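A closer look at the structure
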Amino acid sequence: MYHKRSKEDLLKAGVTAALGAGIVTSFAVSQGQHPLIALGITVFAAVAAVICDRFGLI
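Everything in this summary refers to the structure shown in the same document. (Residues numbered from 1 in each chain as written. Predicted model: local features only at pLDDT ≥ 70, side-chain atom pairs only at ≥ 80, totals over all residues. Heavy atoms only, no water.)

1. Examining the overall build of the protein
What the protein contains, in helices and strands, is two helices and zero strands. In the structure as shown, the protein presents an accessible area of about 4600 Å², 72% of it carried by carbon and sulfur atoms. (Helix = DSSP H or I, 4+ residues; strand = E, 2+ residues; numbered from the N terminus. Areas by Shrake-Rupley, 256 points an atom, 1.4 Å probe, with all protein chains shown as cover.)

2. Side note on helix H2 (residues 35-54)
With 20 residues, H2 ought to run about 28 Å at 1.5 Å a step, and its terminal C-alpha atoms sit 29 Å apart, in line with that. Just downstream of H2 lies Gly56, where phi reads positive at about 75°. (Expected span 1.5 Å × (residues − 1).)

3. A closer look at the environment of Thr16
For Thr16, the position within the fold is in helix H1 (residues 7-30). For the pair Thr16 and Ala45, spaced 29 residues apart in the sequence, the C-alpha separation amounts to 9.8 Å. Only 2.7 Å separates the side chain of Thr16 from the backbone oxygen of Lys12, close enough to count as a polar contact. (Polar contact = N/O pair within 3.5 Å; in protein donor to acceptor, adjacent residues only side chain to side chain.)

In short, the description is geometric, and any link to function would need to be established separately.
Shown next as structure tokens:
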């Protein structure tokens, strides 16, 4: 009741996860990984972070 999660919190969680995963996957692309696979990993990490944040698992 008192600690309702706003959409801004979800956005922050998604952006933070995407930035973190993007740094790691950009290194992987520089080592030869396919860019679409790296993009998929980044998107998956962002979605997983938002889901975890939404259910209070973080």
